[in-house]
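Structural features, examined
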Amino acid sequence: MSRTDTAAPRGLYATAARQSVAKLSPRLLVRNPVIFVTAIVAAMTTILALRDLVAGPAGAVIPQIAAWLWVTVLFANFAEALAEGRGKARADTLRATGRETRARRLAAADADHAGAETVSSTELRAGQFVLVSAGDVIPADGEAVAGVASVNESAITGESAPVIREAGGDRSSVTGGTTVVSDWLVVRVTAEPGKSFIDRMVALVEGAERQKTPNEIALSILLTGLTLIFLFVVVTLEPFARYSGTSIPAAFLAALFVTLIPTTIGGLLSAIGIAGMDRLVKANVIAKSGRAVEAAGDVDVLLLDKTGTITFGNRMADAVLPAPGVSEARLAQAAWLASQADDTPEGKSIVALSARLLGGDLPHAAIARHVAFSAQTRLSGVDLDGGAQVRKGAADAIMGHTGTEPGAILAANVENIARAGGTPLLVSQGTEILGVIHLKDIIKPGVRERFAQLRAMGVRTVMITGDNPLTAAAIAAEAGVDDFMAEATPEAKLERIRAEQQEGRLVAMCGDGSKDAPALAQADVGVAMNSGTQAAKEAGNLIDLDSDPTKLIEIVMVGKQLLISRGALTTFSIANDAAKYFAILPALFLGAYPGLAALNFMGLSSPESAILSAVIFNALVIVALIPLALRGVRYAPASASALLRNNLLVYGLGGLVAPFLGIKAIDMIVVALNLA
Amino acid sequence: MSPDILGLVVFLVALVALALPLGRHMARVYCNERTLLTPVLAPVEGAIYRIAGIRAGEGQSWRAYAAAVIAFNAAGFVVLYAILRLQGVLPWNPAGIGPMAPDLAFNTAVSFTTNTNWQAYSGEAQLSHFSQMVGLTVQNFVSAGTGMAVAAAVIRGFACRGDGRLGNFWADLTRSVLYVLLPLSIVVALILAGQGVVQTLSGPVTAATLEGAEQVIARGPAASQVAIKQLGTNGGGFFGVNSAHPLENPTVVSNMVQALCILLIPVAFCVTYGRMVGDRRQGAALFAAMGILFVAGLALVTWSEAAGNPLVAQVAGTDGPNLEGKEMRFGATLSALWGAATTAASNGSVNAMHDSFMPLSGLVFLVNMMIGEVIFGGVGAGLYGMLLYVVLAVFLAGLMVGRTPEYLGKKIEAKEVSLAVLAFLSMPLGILVLAAVSVLVPQALAAVQEVGPHGLSEVLYAYASATGNNGSAFAGFGAADPVHTTLQGIAMLLGRYAIIVPMLGIAGALAVKVPAAPTAGSFPTHGPLFVVLLIVTVAILGGLTFFPALALGPLAEQVSLSAGTTF
């Protein structure tokens, strides 16, 4: 499936607009208490406006207040609908992938393929076996139990290069909806119909099954509590006003109430949550629960596998160190020759390094014979036309081959390389040892900076490797991780996670093998690679479709951004209240105490325009903040103190000041248009 | 620096200087460590535990702790109610005072068990010495001890490493009274008696005045009761006019000592807190937030009293401070200091008539109480009240650092937030809703002496004082009306237990959590930024809730005064 948004934005907005009206159904509204209350107040104000229209002197302001209160509700619905709509476009494509197919069911894993019966994919149950061969769409999620095949998984990963799936080992898991390109597999079905991976993805991106995350629940409780408090404030205002010898129109009290309750964050809360999930889906990560995304923001410790995450998968040539009396050029020439037949990434990296050292001055010797690497000889090379044997290989292999010991200086170099965590390869021509090639783990570019950012955010990184402690320490120092685990076994990894959790830390890790499953399950955030086993995918709470271990860092960022967006808009929403008081209260009390006009330092033109402006501002601010809610608050990794300072300044102080300016501006427009 | 300002600065310095050692002492008391008093008091303490069958070492869950608090206070209420109703037949009644009316006895019993000490009665006219000493003074100690014990339990919940135990209420109560309140009270009572505060068990004396008239002068064991009324932020005076009475607060020295005592334990609790959570900066942050709010209020009151009433100045032709309703031996500044301290600390004793302060001063007094008595607040109560705001502030702004909000390494989640919201509701419910009910009842409305904004201030003040467990009153409010005594009783109960129980619940929820070690990513809850955040949270959540009501009360009065209208 394509990673670009398939739906045109125009269609998206139109759908969202239609949806926002459909969402006025009380059954849906009640899920969002603040907006539900706003809708009730809007309905009551509408009745008041209608009553005035029929029975009394019909003012122009109350119908406008009623209208804007409805608009407030619609804007909140629109924000949610828009967020959902963006996920829906993707869900539709996915659903097409998950459509019904024909499946060839086998009686047992080793049954004769000819005996397969053809059934609909919806009839498949967990534990049954199906046969798939070239050209078939795999009918259900499952695990390969026999055969090897290449499978195109672009339907879920967006990556069109086929991947190998085979029975046993860490590449046995297959996903329903993907296509077998060559060969065949017998698959044991693991998911009941409707519970497959793609079904889960659809539900997730559609937001249909979206459950509120823990922080979202806590925030909703607080917002509901604030709504209740402001209800007390507004309801008791009428008796106090009557005591003071004035009466406040009910519609104005309704206006005060709606502007005080946290409609801004209330209206945008679910949009923020949906958009956060959507950002994750865009990064090609599937979260099994919203809780996992939130937990990602809380992570204290990242356990990262060395290979593939911190370093490239293979060791590469980093330097050549000639023996005394040998020129670097001669050593480089020999190394270049000896690696001609070596197709491994290590061999290619030696060719590349020596070519660079030689500056294009490549040797012209005629090669008589290529000697490929074998596990027995542990060396490779060429025989030149003159009979000279050029070889490279492990130190003891070359010593055995040449029958000579390296000199003291060379031997020291070999030992130093080994101690620093590298692999020394000796190069020989005939019986002469020319020097040593330094193969080392190459740290991926930018990794060090990333770890520094994580450290600034208070996230500790721990490198996990099977290397010996010496090697591990060298790489850990170079990569800039905070800690490392050498000679790590899956059991040790699990122990480490438990120990960190005992200390009250949240741990994230990624893994792919079946052996990783217990650790993935134990970790607070477990990211399973899509290329991994079914067991790993079941154990993790997030699945990375790109199978890229560095994604873990991005996931942490998305989690943090989600929480920050929520906090920022909450702070903004509550800070807004100060200005609304100063707009509405003088307007309400002017009759009782003209002196209170002093509170109207915004200089709003009339009580009616002041109240109307505050209500309009309150509605418009929701729309104005939709882009921010969907995109998420801009987030640059920094320490908590720095983040707090910046965000308090922008959203706290900004939230205090912005409505003063906004309400004043709207008041001027309201007056200019003669609305009040 | 004028002498008045210098006096205030000396007061504040002395306050901090005394609170530091006391706070350290209290931390040792609640951590069950050895103190200077241990050799003398440990045998007494042990005897109390043996007689009462208390297993002091046995920690309680938050539910057990809360149940113990409620049971103890309920029993205290019943005993006090019985004493007040039966005082006519009980001993030590030289003035022959009869039983108290049921609604007034309910109000008074609630008032003293909740550490409010709202006095809908006049002590010398309606209480026997027995009621004063056995009834009220006992509650002065144990209601204060209850607040301190709850604070200690809440602190343990915030600080502990996941065992879920908050300590033992009976031990905390005993230790609060024995190691803190009693020794301090003895010292203060002696100082006050030395200054001329009356202390006797004899009845009133009759004196012939200079004009030859006959005056009955009430007397009684005042010094001992005054000491604990101030130290325990009780505030219930021996005499009806409280510390404005010359036999209750005769000199400037006695005035300063009493004012210090009002704030001493609440300030010391900040120190205790920092010690008990193992990070003094946390206590310092709370102290800073409270201190800034206090000094800001004090400055506003001092200024507005010193500036005086412009209308009076016009008539009299001179500028001068507002001295209406003040004792000349204290003057404007010391009355302002007392007013700010007593309303901030939920004490409620007065040395001047709050009704007669300038509207802006009245506004400060009201705000001090309405935000929930968290500017140092009642003994213990101020600290856990401020911790309620801390929970809210951390939750509101904490998300902005990109983590689930944490305080002291413990996550603030749905449970804590629900309980905090529940506790927080008690202030608007007690102040706004009950005050609104009272102005809707014609009979209760008639008990309000003034009309217009000043009358509304009186009503708001009464309910803020009751809900905040303060106990002071704007004069002019007919508190003895049965509707008010009943509603006030409810307000006092709300302001006390509707905060204590949820706060213990929060502490209990936090107590089972293992604190995470702080990292660069943790929300910093010390330092100036957090102090500002906390102050703004108090101002916005606490202050703004009451802004509309305040606009119709003191604010309307102030703007009208500027325009030349009085009420």
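Residues numbered from 1 in each chain as written. Chains lettered and ligands numbered in written order. Predicted model: local features only at pLDDT ≥ 70, side-chain atom pairs only at ≥ 80, totals over all residues. Heavy atoms only, no water.

Looking at an unreviewed UniProt entry, chain B carries the name Potassium-transporting ATPase potassium-binding subunit, with the source organism given as Roseivivax isoporae LMG 25204. The UniProt entry for chain B carries this comment under Sequence similarities (unreviewed entry): "Belongs to the KdpA family." (UniProt positions renumbered as here; feature names shortened; annotations may be inferred.)

Going by an unreviewed UniProt entry, chain A carries the name Potassium-transporting ATPase ATP-binding subunit and comes from Roseivivax isoporae LMG 25204. Recorded in UniProt under Function (unreviewed entry), the annotation for chain A is "Part of the high-affinity ATP-driven potassium transport (or Kdp) system, which catalyzes the hydrolysis of ATP coupled with the electrogenic transport of potassium into the cytoplasm. This subunit is responsible for energy coupling to the transport system and for the release of the potassium ions to the cytoplasm."

What follows is about the overall build of chain B. For chain B, the count of helices and strands is 19 helices and four strands. Each principal axis of the C-alpha distribution contributes one length, and for chain B these read about 75 × 60 × 50 Å. Counting every position in chain B, which comprises 567 residues, the buried fraction comes to 64%. The long-range share in chain B, meaning contacts at least 24 apart out of those at least 6 apart in sequence, stands at 78%. Carbon and sulfur atoms make up 68% of the accessible area of chain B, which amounts to about 18400 Å² in all. (Helix = DSSP H or I, 4+ residues; strand = E, 2+ residues; numbered from the N terminus. Buried < 20%, exposed > 50% of the residue type's maximum accessible area, 1.4 Å probe, protein only. Contact = heavy atoms within 4.5 Å. Areas by Shrake-Rupley, 256 points an atom, 1.4 Å probe, with all protein chains shown as cover.)

Before going further, it helps to examine the UniProt feature "binding site: Mg(2+)" (unreviewed entry) in chain A. All names here are of chain A. As annotated by UniProt and renumbered to match this structure, "binding site: Mg(2+)" (unreviewed entry) occupies Asp512 and Asp516. Under the relative-accessibility criterion, Asp512 is labelled partly exposed at 33%. Ignoring sequence-local partners within four residues, the contact set of Asp512 consists of Met529, Gly532, Thr533 and Ala536. Looking at the element boundaries, Asp516 is found in the loop between strand 19 (507–511) and helix 18 (517–522). Contact partners of Asp516, with chain neighbours within four places excluded, come to Lys493 and Gly511.

If you look at the interface, chain B gives 62 residues, while chain A gives 63 residues. Buried area between chain B and chain A, summed over both chains or domains, comes out near 5000 Å², and the portion from carbon and sulfur atoms is 79%. The largest share of the area that chain B buries against chain A comes from B:Leu399, B:Met400 and B:Leu552, three residues that together contribute 15% of it. At the boundary of chain B and chain A, one finds one salt bridge. With its nearest N and O atoms 2.9 Å apart, the salt bridge here joins B:Arg403 to A:Asp300. Where chain B touches chain A, the interface holds eight residue pairs in polar contact (both at pLDDT 80 or more). For the side of chain B that touches chain A, the elements supplying multiple residues, two or more each, are helix 14 (381–398), helix 15 (414–440), helix 17 (452–467) and helix 19 (528–562) of chain B. (Buried area = accessible area lost by both parts, 1.4 Å probe. Salt bridge = Lys/Arg side-chain N within 4 Å of Asp/Glu carboxyl O. Polar contact = N/O pair within 3.5 Å; in protein donor to acceptor, adjacent residues only side chain to side chain.)

A separate point is the pattern of salt bridges. Residues and elements named next belong to chain A. Applying the stated criterion across every chain, the model contains 44 salt bridges over all chains. Arg566 is paired through a salt bridge with Glu294; the nearest N and O atoms lie 2.6 Å apart. Of this pair, Arg566 sits in helix 20 (residues 551–575) while Glu294 sits in helix 10 (residues 290–298), and the two are 272 residues apart along the sequence. Measuring nitrogen to oxygen at the nearest pair gives 2.7 Å for the salt bridge that ties Arg496 to Asp483. One end of the pair, Arg496, is in helix 17 (residues 490–502); the other, Asp483, is in strand 18 (residues 483–485), and 13 residues separate them in sequence. Exposure remark for Arg496: the relative accessible area of 17% places this residue in the buried category.

Residues and elements named next belong to chain B. Using the criterion set out here, one finds 20 aromatic pairs over all chains in the structure. Taken together, a centroid distance of 5.6 Å and an interplanar angle of 75 degrees make the contact between Tyr65 and Phe169 edge-to-face. Placement of Tyr65 in helix 3 (residues 62–86) and of Phe169 in helix 7 (residues 169–194) is noted, with a sequence separation of 104 residues between them. With respect to burial, Tyr65 and Phe169 carry one shared label: buried. Ring geometry for Phe77 and Tyr81: centres 6.1 Å apart, planes at 25 degrees, overall stacked. Within this pair, Phe77 and its partner Tyr81 are both found in helix 3, separated by four residues, close to a single helical turn. With relative accessibility at 23%, the residue Phe77 sits in the partly exposed group. (Phe/Tyr/Trp six-rings, centres within 6.5 Å; stacked < 30°, edge-to-face > 60°.)

Residues and elements named next belong to chain B. The predicted model of chain B averages 90 in pLDDT, with 99% of residues at 70 or higher. Predicted confidence in chain B is weakest over helix 11 (residues 310–316), with a mean pLDDT of 77, and strongest over helix 3, with 96. On the interface metric, ipTM, the complex scores 0.92, and its pTM is 0.86. (pLDDT = per-residue confidence, 0-100.)

Take the packing of helix 14 of chain B against helix 15 of chain B next. All names here are of chain B. One can describe the packing of helix 14 onto helix 15 by two numbers: an axis separation of 10 Å at closest approach and a directional angle of 130 degrees. Here helix 14 is positioned oblique relative to helix 15, judged by the angle of their axes. By crossing handedness, the relation of helix 14 to helix 15 is classed as left-handed. Residue-level contacts link Leu388, Tyr389, Val391, Leu392 and Phe395 of helix 14 to Val417, Ala420, Ala423 and Phe424 of helix 15. Its residues assigned to classes, the contact of helix 14 with helix 15 shows nine nonpolar, no polar and no charged. (Axes fitted to C-alpha atoms, helices over the stretch in contact; angles between N-to-C directions. Parallel < 35°, antiparallel > 145°, perpendicular 65-115°, else oblique. Left-handed = near helix turned anticlockwise from the far one by under 90°. Nonpolar A, V, L, I, M, F, W, Y, C, P; charged D, E, K, R; others polar.)

A word on the pairing of strand 1 (residues 205–208) of chain B. Two faces, one strand: in a regular strand the side chains alternate between the faces of the sheet. All names here are of chain B. Where strand 1 and strand 2 (residues 214–217) come together, four bridges link them in antiparallel fashion. Bridging from a neighbouring strand, Ala208 pairs with Glu214 of strand 2. Connecting strand 1 to the antiparallel partner strand 2 that follows it, the hairpin turn spans five residues, and Gly212 within it adopts a positive phi of roughly 90 degrees. (Pairing = 2+ DSSP bridges.)

Moving on: the domain arrangement of chain A. Residues and elements named next belong to chain A. Each assigned domain of chain A is listed here: domain 1 (12–90 + 204–281 + 557–673), domain 2 (102–195), domain 3 (285–310 + 444–545) and domain 4 (312–443). Between domain 2 and domain 3, the contact holds 14 residues from the first and nine residues from the second. When the two sides are added together, the surface that domain 2 and domain 3 hide from each other amounts to roughly 760 Å², 41% of it contributed by carbon and sulfur. For the pair domain 2 and domain 3, the number of links is zero salt bridges. At the level of elements, strand 4 (142–146), helix 5 (154–157) and strand 7 (173–174) are the ones that each hand at least two residues to the side of domain 2 that touches domain 3. Split by residue class, the side of domain 2 that touches domain 3 holds two nonpolar, seven polar and five charged. (Domains from an automatic or database assignment.)

Let's shift gears to helix 17 of chain A. All names here are of chain A. Between its first and last C-alpha atoms helix 17 spans 18 Å; for 13 residues at 1.5 Å apiece the expected length is 18 Å, and the two agree. Taken together, the buried positions of helix 17 are Lys493, Leu494, Arg496, Ile497, Glu500 and Gln501. Angular distribution of buried residues about the axis of helix 17 spans 160 degrees; they occupy a single face of the element. Along helix 17, exposed side chains directed more than 90 degrees from the buried face belong to Glu491 and Gln502. (Expected span 1.5 Å × (residues − 1). Arc of directions from axis to C-beta.)

A few words now on the UniProt feature "binding site: ATP" (unreviewed entry) in chain A. Residue and element names in this part refer to chain A. UniProt tags Asp342, Glu346, Phe373, Ser374, Ala375, Gln376, Thr377, Arg378, Leu379, Ser380 and Lys392 as "binding site: ATP" (unreviewed entry). Looking at the secondary structure, you find Arg378 in the loop between strand 12 (367–371) and strand 13 (379–384). What makes Arg378 partly exposed here is its relative accessible area of 36%. What Arg378 contacts, discounting residues up to four positions off in sequence, is Phe373, Gly393, Ala394, Asp396 and Ala397.

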